[in-house]
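What the coordinates show
Chain by chain, the residues:
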Amino acid sequence: MRFMTQQKQKNLNTQIFVSFAVFSAMLFALTSELSSNSTIIKHTRPTTTTMLSTVDADQKAAELYTLSDPLNDAVDAYASVIKEAFPFEKQIRRVALELKVDESLVYAVTKAESSFRSGVRSHAGAVGLMQVIASAAGRDAYYRLHKKRVTPTAEQLKDPYTNLRLGSAYLKLLEEHHFGHITDDKLKQMLVLAAYNWGPVNVKRKLLSKNPPRNAAEMNWVLWTKAPRETYSYVNKVLKYQTQFSQFEA
């Protein structure tokens, strides 16, 4: 009887030892797996990158411009004695003087249209600094300047001076030909900008045909209620930019 009791105790101890060994093995395996996963996470976790300051795109673009005029093959004798404060300052100042356009307006439209990127092209085919569409504004502006029906090429429109000259000439065309009868200067300018973005036909037909605005405040409401949101935003954005640029005019 005593022998059987000892045997049972021995068997019980063996079972406890085996169970402990199995448990230890399982615990070791689990620990190893967690350690392995932790290592994987450690090595695959994205590392924090330091944001490097980039050269302002507008200023970088200014280094790439040329002073040529491929449309007329003109010899550019224009020179400036001051260092440029903004991209394409010499060309913009020259165009503003030639065409009697507000310099800050040219800056503002250029900023809104292309952020001073002379080689940019939109999905609609608008090219260059002032985003001129060759077969539309480009052709009309060229005729205003030279009394010839010529459609500028995309490569010509990438030239900064040519693009600024044609874009500014188109602004003058809109002002004088399409909205010359408007006596309120602020209202006229808003109509010109709306037409530059949306087209003069749309502006006349949808904004001026019935109950036309009499001042800038009414025009802002008409833009909000009758024009595309893009045109409403565009007009107000250009006006904001123009106010900012006008502070730097000599």
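Residues numbered from 1 in each chain as written. Predicted model: local features only at pLDDT ≥ 70, side-chain atom pairs only at ≥ 80, totals over all residues. Heavy atoms only, no water.

Describing the pattern of salt bridges
All chains considered together, the criterion is met by eight salt bridges. Residue arginine 144 is joined to glutamate 176 by a salt bridge in which the shortest nitrogen-to-oxygen separation is 2.7 Å. Placement of arginine 144 in helix H5 (residues 134–146) and of glutamate 176 in helix H7 (residues 160–178) is noted, with a sequence separation of 32 residues between them. Measuring nitrogen to oxygen at the nearest pair gives 3.5 Å for the salt bridge that ties lysine 172 to glutamate 176. Residue lysine 172 and its partner glutamate 176 are both found in helix H7; the two are separated by four residues, about one turn of the helix. Exposure remark for lysine 172: the relative accessible area of 11% places this residue in the buried category. Overall, the relative accessible area of 43% leaves glutamate 176 in the partly exposed class. In the salt-bridge network here, residues are joined through shared partners; they are Glu89, Arg93 and Glu103. (Salt bridge = Lys/Arg side-chain N within 4 Å of Asp/Glu carboxyl O. Helix = DSSP H or I, 4+ residues; strand = E, 2+ residues; numbered from the N terminus. Buried < 20%, exposed > 50% of the residue type's maximum accessible area, 1.4 Å probe, protein only.)

Here we look at the layout of surface pockets
Its volume calculated, the largest pocket comes out at about 540 Å³. Along its surface, the largest pocket is lined by 24 residues, and Glu113, Gln131, Ile133, Tyr196 and Asn197 are the ones closest to its centre. Elements with a minimum of two residues in the lining of the largest pocket: helix H4 (103–114), H5, helix H8 (185–198) and helix H11 (229–246). Here the lining of the largest pocket takes five residues from H11, the largest share from any one element. A class-by-class count of the residues in the lining of the largest pocket yields 13 nonpolar, seven polar and four charged. Taken as a whole, the second largest pocket encloses approximately 230 Å³ of empty space. (1 Å grid on protein atoms, 1.4 Å probe; cavity = no way out; pocket = protein on both sides within 12 Å on 5 of 7 lines; lining within 4 Å. Points joined across faces, edges and corners; volume = space filled by probe spheres on them. Nonpolar A, V, L, I, M, F, W, Y, C, P; charged D, E, K, R; others polar.)

Remarks on the nonpolar core
If you look at the biggest cluster of nonpolar residues, it comprises 54 residues, and the most contacted ones within it are Val109 and Tyr196. For this core, the secondary-structure elements that each account for two or more residues are helix H3 (89–99), H4, H5, H7, H8, helix H9 (200–208), helix H10 (216–226) and H11. Residues in contact with tyrosine 196, not counting those within four places in the same chain, are Val109, Glu113, Met130, Val132, Gly167, Tyr170, Leu171, Leu174 and Tyr234. (Core = buried A, V, L, I, M, F, W, Y, C linked by side-chain atoms within 4.5 Å. Contact = heavy atoms within 4.5 Å.)

With respect to unusual backbone geometry
In this structure, phenylalanine 88 is a non-glycine residue whose phi angle is positive, near 60°. Relative to the helices and strands, phenylalanine 88 resides in the loop between helix H2 (57–62) and H3. The backbone of lysine 100 sits at a positive phi, close to 55°, despite the residue not being glycine. Along the chain, lysine 100 falls in the loop between H3 and H4.

Comments concerning H4
With 12 residues, H4 should reach 16 Å at 1.5 Å per residue; the first-to-last C-alpha distance of 17 Å fits that figure. Of all the 12 residues making up H4, 10 are buried; the element is thus mostly covered by neighbouring parts of the structure. Every buried residue of H4 is accounted for by Glu103, Ser104, Leu105, Val106, Tyr107, Ala108, Val109, Thr110, Ala112 and Ser114. Its buried side turned inward, H4 meets H3, H7, H8 and H11. Once H4 finishes, serine 115 follows within two positions and takes phi at roughly 55°, a positive value. (Expected span 1.5 Å × (residues − 1).)

A closer look at the side chain of serine 104
Within the secondary structure layout, serine 104 lies in helix H4. A polar contact is formed between the side chain of serine 104 and the side chain of aspartate 102, at a distance of 2.8 Å. Within the local environment of serine 104, its side chain forms a polar contact with the side chain of glutamine 242, the two groups lying 3.5 Å apart. (Polar contact = N/O pair within 3.5 Å; in protein donor to acceptor, adjacent residues only side chain to side chain.)

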